[in-house]
Amino acid sequence: MQKATAIIAAGGAGLRMGTTTPKQFSELLGVPLLIHTIRAFRQVPAIGAIIVVAPAEYRELTSALLSQYQLDDHCTVVSGGKLRQDSVRIGLAQVAGDCPLVAVHDGARPLITPKDIQRCRDAAAIHGAAIMAVPVKDTLKAVGADTAIRHTVERESLWQAQTPQVVRTDLLKEAFAKAEQDDFIGTDEASILEHGGWPVMVVEGSETNLKITRPDDLPMAEAILMQKQPSPQMRIGHGFDAHRLVAGRPLVLGGMKIPHELGLLGHSDADVLTHALCDAILGAIGAGDIGRHFPDSDPQYKGISSIKLLAQVIGLAAAKQFRLANADITVVAERPKLASHFPAMQKILAEACQVEPNAINLKASTTEKMGYTGREEGISAHAVVLMANQPH
Ligand code: MG
């Protein structure tokens, strides 16, 4: 198969975004726009080398970003020019002489699909030049400076040009040379070809191939991207804990002090419910147990609120890109009655876990006076959680 070299035009300053760095560094679901764009091209077998044209002052940052996302092996970063046309010309000069096709794409169109890149490339291989475009849907108005409509524009033959724009390499080089000779400035590669009289075909693309130019575009792009993402990976975890009941200690459960003549004995506040929950979360993310992270022997955890430990456990999970989907917790205690405290506990636990309170279910059980809990020697707790993985 004839491979195409991709030129990713990421030279824009992105002034309309109101950000201090160019828009290609703005993040979509935690990943820079440019990275989404390059990943789409990397998934197309017909795309060989990728040349990223970045603003000169961001060339190093762009290179660092590509290596951070392990995309540097097939990508070259070059410094762009003042206009898009200058940047693409600089990119074009880097294309290997024997490469038959060039696919130029806006760095700020991160939602392009590998399938559409392939379709556009296939059309260019047949016709010499093809661009992604969508027919205009809305009624178009020509409007004067006074905001009054002058007339309605006939839209029958109107298409909105997008990228990629794929062209035979020799053709594009020839067209750029002619544009330079004539001092012609075009806003895309097709207009440069049109200027020289070369035919260019359109390939009907998708409205979702957004060009991110304004801050408003980011949430819309994120919503589109979310829909395309596979459902999250779920991990289950189980936790169990028991503590002894003694006199002279407060009874702390689910982050709340519960009025009772006995309290739980332990190095921390001995919040058995919260400990079971922490262990379930650690279990789900494959991170061992609470003793490993917060050892009894460490004085910094003496008397510490277990809710603080829970928040740290949630932080560990977040670092592994896991969030709590839901938790189901059972406390086994003969006394005191706990049900009336559950709504307040639910709120405290939900806040520490950064979830809605209804994601935390609390239940109480007795062992009908049997065993250590039945004899009120101690209280135990069981927790089961589901953790959802949301990769960036
Ligand atoms: Mg414990």
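What you see is a predicted model; the values in this text were computed from it and never measured. (Residues numbered from 1 in each chain as written. Predicted model: local features only at pLDDT ≥ 70, side-chain atom pairs only at ≥ 80, totals over all residues. Heavy atoms only, no water.)

## Focus on the domain arrangement of the protein
Looking at the protein, the domain boundaries give domain 1 (4–228) and domain 2 (234–389). Computed from C-alpha atoms alone, the centre-to-centre distance between domain 1 and domain 2 is 53 Å. (Domains from an automatic or database assignment.)

## Points about the pairing of strand β5 (residues 75–79)
Each regular strand shows side chains that alternate between the opposite faces of the sheet. Bridging between strand β4 (residues 47–54) and β5 involves five bridges; their strand directions are parallel. Residue pairing across strands places Ile 50 opposite Cys 75, the latter belonging to β5. The parallel pair β4 and β5 is bridged by helix α2 (residues 59–68), and the resulting crossover is right-handed. (Pairing = 2+ DSSP bridges. Helix = DSSP H or I, 4+ residues; strand = E, 2+ residues; numbered from the N terminus. Right-handed = clockwise from strand over helix to strand, strands pointing away.)

## Let's talk about the coordination of the magnesium ion
Donor atoms from the polypeptide that bind the magnesium ion are Asp 241 (OD), His 243 (NE2) and His 275 (ND1), placed at 2.0 to 2.3 Å. Expressed as a motif, the donor residue spacing for the magnesium ion is D-x1-H-x31-H. Of the two residues, Asp 241 sits in strand β12 (residues 233–247) while His 275 sits in helix α8 (residues 272–284), which places them 34 residues apart along the sequence. Look at Asp 241 and you get buried, because its relative accessible area is 16%. (Donors = N, O, S within 2.8 Å, 3.2 Å for Na, K, Ca; no water. Buried < 20%, exposed > 50% of the residue type's maximum accessible area, 1.4 Å probe, protein only.)

## Side note on the pattern of salt bridges
This structure, assessed with the given rule, holds 17 salt bridges. Residue Arg 119 pairs with Asp 116 through a salt bridge whose shortest N-O separation is 2.6 Å. Placement of both Arg 119 and Asp 116 in helix α4 (residues 114–127) is noted, with a separation of three residues, approximately one turn of the helix. Judged by its relative accessible area of 12%, Asp 116 falls in the buried class. A salt bridge links Asp 122 to Arg 121; the shortest N-O distance between them is 2.9 Å. For Asp 122, a relative accessible area of 31% gives the class partly exposed. Shared partners join several salt bridges into a network, and the residues in it are Arg 84, Asp 106, Arg 109, Glu 189 and Lys 211. (Salt bridge = Lys/Arg side-chain N within 4 Å of Asp/Glu carboxyl O.)

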